[in-house]
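# Fold and contact review
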Amino acid sequence: MQALILAGGKGTRLRPLTVYTPKPVVPVVNRPFLLYQIDVLRRAGITDITLSLSYQPDKIQILLGDGQEYGVNIRYISEPSPMGTAGAYKFAAEDTKEATVVFNGDILTNIDVAKLLEFHQKKSSSTTISLVTVDDPSRYGLVEVDSDGLVTRFTEKPKADNLGAVGVNTINAGIYILEPEVLDLIPEGTNKSFEYETFPEILANGMPFYGKVIAGEYWLDIGTPANYLKAHHDLLGGRIEGFELERSAESDIATRAEIDEASVIGAGCTIKPGVHIKNSAIGPGVHIEERAVIEDSVIWAHSRVSASAEVHDAIIGRTCHIGRNAVVGPGSVLGDKTSLTDYTRV
Ligand code: GDD
Ligand code: MG
């Protein structure tokens, strides 16, 4: 069994974080995001992993290397220009004869892939997609299934008027098992979308197409700042089973700094007396000066928060400088190298 991670999108909704850092490797509690997906695949015994890239591929390849360090073999395929989700699958497939597990490269999940595979095999399915229930399905691919799990309709990003008529809220979780016959539906060298083209075609052809609802497992698309922050809160709060957080990094932390148990501090940080840190992930090499307050936030590597500054429910990119007494408020997202003058409020 092999896996393909679709990691070629531009990550536009995560801007400015993705201007210098492609979405697949944005740090999540100080680890490149894709390592969480690699953990899940390795746990299911899947170690042959292809990363399908298009946007800033070199940065991803340099960071993850050949995968040995993580107990897997990583192969990289870069598209000359984005080929769409199905086009990318075809482009990467060569003449494969085996089924492939496909992940959208921005899903944080602890799904049991082995269980999904078992379901796929039991149904003799050609395409199995995992489904999840959300409150607002309009941002996703809406999927209707019958009582046996057979997919009856797939509507990508349904319009509001269409939604009412449909009346379901199970969506495509972006995790598929595809038999190689699906490749025959995708012409070579063209831009094709699973969601808009291939899945509706599979339905129209009457090929066995099943959906299985993820129940009791965690699922989140980290592709917006709000969700990226939520992923941190859920990991720090211990609400996602199965991932070890790296809590043992060496840093210079003043004894009179208060850091709660949920927070994670990266290696080589300096944290001065009187600092308060709550429910936050602090990247490596960050400096936090006297009496600064950081709550419910994410700070990337090598940023500096000056004395008495406050950061609440915000994301701060790499090598930023937050001036003294500045306040960074809920929902703020600062791109790399942002510099805030003393007393600024954002
Ligand atoms: N290689 C490659 N080439 N990858 C791509 C391309 C491409 O041209 N276009 C998108 N991707 C990758 C993205 O990097 C991302 O990991 C994944 O495909 C999905 O793209 P998104 O842009 O994140 O799509 P979405 O979030 O709007 O919707 C998708 O995910 C939802 C679940 O989060 C769809 O699959 C929906 O149906 C689904 O509900
Ligand atoms: Mg997405």
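This section reports on the structure supplied with the text. (Residues numbered from 1 in each chain as written. Chains lettered and ligands numbered in written order. Predicted model: local features only at pLDDT ≥ 70, side-chain atom pairs only at ≥ 80, totals over all residues. Heavy atoms only, no water.)

Attention shifts here to the sheet that holds strand E19 (residues 281-282). Across the sheet, five strands lie side by side as E16-E19-E22-E25-E28; this open sheet has parallel pairing. The open sheet has two edge strands, strand E16 (264-265) and strand E28 (333-334), and neither has a second partner. Sheet topology note: the E19/strand E22 (residues 298-299) ladder contains two bridges and is parallel. For Ala281, the partnering residue across the bridge sits in E22 and is Val298. (Pairing = 2+ DSSP bridges. Helix = DSSP H or I, 4+ residues; strand = E, 2+ residues; numbered from the N terminus.)

Moving on, we come to the side chain of Gln2. Tracing the chain through its elements places Gln2 in strand E1 (residues 2-7). Within polar-contact distance, the side chain of Gln2 engages the side chain of Thr100 at 2.9 Å. Those residues in contact with Gln2 that lie beyond four places of it in its chain are Ile46, Asp48, Thr96, Glu98, Ala99, Thr100 and Val101. (Polar contact = N/O pair within 3.5 Å; in protein donor to acceptor, adjacent residues only side chain to side chain. Contact = heavy atoms within 4.5 Å.)

The next subject is the coordination of the magnesium ion (ligand 2). The coordination sphere of the magnesium ion (ligand 2) contains the protein donors Asp106 (OD) and Asp221 (OD), at a distance range of 2.1 to 2.4 Å. With Asp106 in the loop between strand E6 (100-104) and strand E7 (107-109) and Asp221 in strand E13 (residues 219-221), the pair connects residues that are 115 residues apart, well separated along the chain. (Donors = N, O, S within 2.8 Å, 3.2 Å for Na, K, Ca; no water.)

Let us now look at unusual backbone geometry. In this model, Arg15 is joined to Pro16 through a cis peptide bond whose omega is 10°. Here Pro16 is to be found in the loop between E1 and strand E2 (27-28). Unusually for a residue other than glycine, Gln56 sits at a positive phi of about 45°. Along the chain, Gln56 turns up in the loop between strand E4 (48-53) and helix H2 (57-64). Positive phi, close to 50°, is recorded for Asp296, a residue that is not glycine.

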